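Commentary on secondary and tertiary structure
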Amino acid sequence: MEKGNHEQATFAGGCFWCMVKPFDEQPGIVSVVSGYTGGTTENPTYEQVCSETTGHYEAVQITFDPAIFPYEKLLQLYWQQIDPTDPGGQFYDRGQSYQTAIFYQNEEQRLLAEESKKKLGESGVFKKPIVTPILPAKPFYPAETYHQHYYKKNPERYNAYHVGSGRSAFIRNHWGEKK
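Since the model is a prediction, treat every value here as computed from it, not as a measurement.

Remark: helix α1 (residues 17–24) packs on helix α3 (residues 71–79), axes separated minimally by 11 Å, with the N-to-C direction vectors making an angle of 135°. When the interaxial angle is binned, α1 and α3 end up oblique. Considering only the axes of α1 and α3, their crossing is right-handed. Contacts between α1 and α3 pair Met19, Pro22 and Phe23 from the former with Leu74, Leu77 and Tyr78 from the latter.

Structure representation (structure tokens):
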């Protein structure tokens with residue numbers, strides 16, 4: 001794949017540990033990086049973001065080849081990883097840094113994200129309104145090395161967290177087996 005054919009997508013979906021694996025396993029995904037975006041502090045640390053004083057979200061930045069895995073498919077997979085009706089965080093993790101958001105890189109992504117949000121709201125999958133905001137991309141700061149691809153480095157702890165946080169059951173209850 002030529003670098004010129006790659007695009008980026010940035011999604012906040014609660015704990016970034018749980019947001020890497022679903023995208024990392026797809027064809028056409030070049031990289032998935034855990035990090036922080038949306039706030040005002042440059043190069044924040046995990047501790048700073050968790051203090052809820054930086055305005056940042058935990059997020060993933062996905063580099064992808066749209067000819068193989070288009071942005072629309074990324075959006076569909078994203079919605080299936082989160083509770084888009086929860087304005088206070090995700091599952092066990094509460095607070096602004098764990099809220100959901102789609103950060104669009106350009107006007108096309110904004111329009112596609114808004115359309116997918118509208119369709120999800122009309123689908124009847126959720127009884128409550130979809131509250132995930134669609135926001136312009138801001139600088140993205142990669143998280144510390146120990147957070148990158150956590151599911152590969154610590155599979156037992158990752159799996160325990162994915163189940164224990166309630167995310168796994170939520171996904172299964174709304175979308176069926178493993179998405």
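Time to look at the nonpolar core. Generally speaking, nonpolar side chains in soluble globular proteins are found buried as a group. Phe11, Phe23, Ile62, Tyr71, Leu74 and Ile102 are the most contacted members of the largest nonpolar core, which totals 38 residues. Looking at this core element by element, the count peaks at six residues for α3. Leave out the neighbours within four places in its chain, and Leu74 touches Ala9, Phe11, Phe23, Ile29, Ile62, Phe64 and Phe69. Judged by nonpolar contacts, the second largest core, of six residues, contains Ala12, Ala59, Phe103 and Phe140.

Let us look at the layout of surface pockets. Computed from the structure, the second largest pocket encloses a volume of approximately 250 Å³. Secondary structure elements with two or more residues in the lining of the second largest pocket: α3 and α4 (107–123). For the lining of the second largest pocket, the element with the highest residue contribution is α4, accounting for six residues. Here the residues of the lining of the second largest pocket are counted per class, giving six nonpolar, four polar and three charged.

With mixed pairing, the six strands of this open sheet are ordered in space as β7-β6-β1-β3-β2-β8. Each edge of the open sheet is held by one strand with a lone partner, namely β7 (134–136) and β8 (140–142). Taking each pair of neighbouring strands and ignoring which way they run, the sheet shows an average axis angle of 35°. Summarising the sheet, strand β2 (residues 29–37) and β8 pair through three bridges and their orientation is antiparallel. Paired with Gly35 across the strands is Pro142, a residue of β8. The sheet contacts of α3 involve β1 (7–13), β2, β3 (57–64) and β6 (100–104), and relative to β1 the element is tilted by about 15°.

With their axes 10 Å apart at the nearest point, α1 and helix α6 (residues 155–164) run at an angle of 105° to one another. For the element pair α1 / α6, the angle class is roughly perpendicular. Here Trp17, Cys18 and Lys21 of α1 lie close against α6, whose contacting residues are Tyr158, Tyr161 and His162. A per-class count over the contact of α1 with α6 returns four nonpolar, one polar and one charged.

The next thing to look at is α4. Every α-helix winds through 3.6 residues per turn, so residues three or four apart in the chain are directed the same way. An ideal rise of 1.5 Å per residue puts 24 Å on 17 residues; α4 measures up with 24 Å between its terminal C-alpha atoms. All of the buried residues in α4 are Gln109, Arg110, Ala113, Ser116 and Leu120. Down the axis, α4 shows its buried residues gathered within 135° of arc, on one side only. In α4, those exposed residues whose orientation departs by more than 90 degrees from the buried face are Glu108, Lys119 and Glu122. Looking at where α4 begins, the residue whose side-chain oxygen comes 3.2 Å from the main-chain nitrogen of Glu108 is Asn106. Once α4 finishes, Gly124 follows within two positions and takes phi at roughly 85°, a positive value.

Each value, and the rule that gives it
Residues numbered from 1 in each chain as written. Predicted model: local features only at pLDDT ≥ 70, side-chain atom pairs only at ≥ 80, totals over all residues. Heavy atoms only, no water. Axes fitted to C-alpha atoms, helices over the stretch in contact; angles between N-to-C directions. Helix = DSSP H or I, 4+ residues; strand = E, 2+ residues; numbered from the N terminus. Parallel < 35°, antiparallel > 145°, perpendicular 65-115°, else oblique. Left-handed = near helix turned anticlockwise from the far one by under 90°. Contact = heavy atoms within 4.5 Å. Core = buried A, V, L, I, M, F, W, Y, C linked by side-chain atoms within 4.5 Å. Buried < 20%, exposed > 50% of the residue type's maximum accessible area, 1.4 Å probe, protein only. 1 Å grid on protein atoms, 1.4 Å probe; cavity = no way out; pocket = protein on both sides within 12 Å on 5 of 7 lines; lining within 4 Å. Points joined across faces, edges and corners; volume = space filled by probe spheres on them. Nonpolar A, V, L, I, M, F, W, Y, C, P; charged D, E, K, R; others polar. Pairing = 2+ DSSP bridges. Expected span 1.5 Å × (residues − 1). Arc of directions from axis to C-beta. Polar contact = N/O pair within 3.5 Å; in protein donor to acceptor, adjacent residues only side chain to side chain.

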